[in-house]
Amino acid sequence: MYKASIKQALNRRQLLLGGLAATGLSLSGCASLGGGPSIGRVVVIGGGFGGATAARYLKLWGGNVDVTLIERQASFVSCPISNLVLGGHKQMADITRGYDGLKTMGVKMLQGEVTAIDAAAKTVRLADGSSVAYDRLILSPGIDFMLDGIGGLKAALDAGQVMHAWKAGPQTVALRKQLEAMPDGGVFAMSIPKAPYRCPPGPYERACMVASYLKQYKPKSKLLVLDANPEITSKKALFERAFKQHYDGILEYRANAELKEVANGGKLAKLEFEDVRADVLNVIPPQRAADLALKAGLVNVNQRWSAVNWLTMESTATPFVHVLGDATFPGPGMPKSGHMANQQAKVAAAAIIQLLKGEAVNATPVVMNTCYSFVTAKDVVHVASVHQYDAADKTFKPVPGSGGVSAGANQIEGRYALSWADNIWTDMLG
């Protein structure tokens, strides 16, 4: 137990140092958590990997920044690790954390729904009619779904016939219950949209976790993975190996299988050239930046994503508004992951502190990413990357030779994955 505590402490320190390196700040520059007059008011919308991290680091690095975090949920529920809940290997309590750590640091917490952003007046309006003023606004709203292109999907989702479970929480629990209620010998069909999409929860990891449950408890059943993409889009060889090694005869993967319509009370998936009948249909819809970003006029790429100045994460559509995480139009090779949102938040926090002080921002930030995927209850694979800001092209680019993927799935990486989750939750929430 003592050795484990030391290891966790070291891991958390390494994660913190990684964030500092990414933004160009040094430990000696991390002054106080308070004292002196406020240098500005920053409102953060969204308490996920991006928003919570930004709020915490604004206090950790800036100290005398007045920070208000607005989040509609009382607790944070993690998309990473949520697939293990579907597989029966974790419980919802294992992926749920509170915001008390941020409150202790001096972050003002408001639980509520933001309905509008008035960029001209620099205020945000909440559903209860109140408003909050800002000097700088950080928007980390996540994603919402594009349902119009799939006939019958909205009605099936609204009726609770079909689940997406792509926003960890009640849908995760509901999809788990559908899986448990499915008869042995039944069919679980899972529809994956064309990339890009939020990941995690990763679709191929989800396929493995559902298949692991079926293998143990409903061995006569079948999992159909209907992928709109021409091939597996992440860690392809590793997932192909896992599908064959662990779930042969249970999991069937079909590429170029784009969902066109949902019918028959959520029991029929209509593709271009075939119909698929399923006892449980898990549809991951196509995605775009969340509705709030769209209504605020921040979506300016492909009618789906928000473009940003990567040195500051400031929107290219609206000044003084910084956009993080899944809502952004990604740089080359940049995933829509929780880890990347955490890194972008640190870039934004460091830059906002400098901007509020009237000083130059770091011109050479570096961010990094690691995504772990469980292929069994204990065996894990990963992909990692490092991204350096390129001044000529004004974007982050992968550093040649950095990162890469696992040689193969193993249980050591399984322990790393769980430690990563504990460490990054602590890094963002305190």
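It should be noted that the structure appears before, not after, this text.
These remarks concern the structure in this document. This structure is a prediction, so every number in the text was calculated from the model and none was measured. (Residues numbered from 1 in each chain as written. Predicted model: local features only at pLDDT ≥ 70, side-chain atom pairs only at ≥ 80, totals over all residues. Heavy atoms only, no water.)

What follows covers the pattern of salt bridges. If you walk through the whole model with that rule in mind, you get 23 salt bridges. The shortest N-O distance in the salt bridge between Asp100 and Lys103 comes to 3.8 Å. Linking Asp100 with Lys103, this pair stays in helix H4 (residues 100–104), spanning three residues, or about one helical turn. Overall, the relative accessible area of 54% leaves Asp100 in the exposed class. Residue class for Lys103 comes out partly exposed when judged on its relative accessible area of 48%. Note that Asp427 and Lys346 form a salt bridge whose closest N and O atoms lie 2.9 Å from each other. With Asp427 in helix H11 (residues 411–429) and Lys346 in helix H10 (residues 338–357), this pair connects stretches of sequence that are 81 residues apart. For Lys346, a relative accessible area of 0% corresponds to the buried category. Salt bridges here are not isolated pairs; linked through shared partners, they connect Lys222, Glu252, Arg254 and Glu274. (Salt bridge = Lys/Arg side-chain N within 4 Å of Asp/Glu carboxyl O. Helix = DSSP H or I, 4+ residues; strand = E, 2+ residues; numbered from the N terminus. Buried < 20%, exposed > 50% of the residue type's maximum accessible area, 1.4 Å probe, protein only.)

With that settled, consider the environment of Lys108. Among the secondary structure elements, Lys108 is positioned in strand S5 (residues 108–111). Exposure remark for Lys108: the relative accessible area of 45% places this residue in the partly exposed category. For the pair formed by Lys108 and Gln354, sequence separation is 246 residues and the distance between their alpha carbons is 21 Å. In contact with Lys108, not counting residues within four places along its chain, are Asp66, Val67, Thr68 and Leu69. (Contact = heavy atoms within 4.5 Å.)

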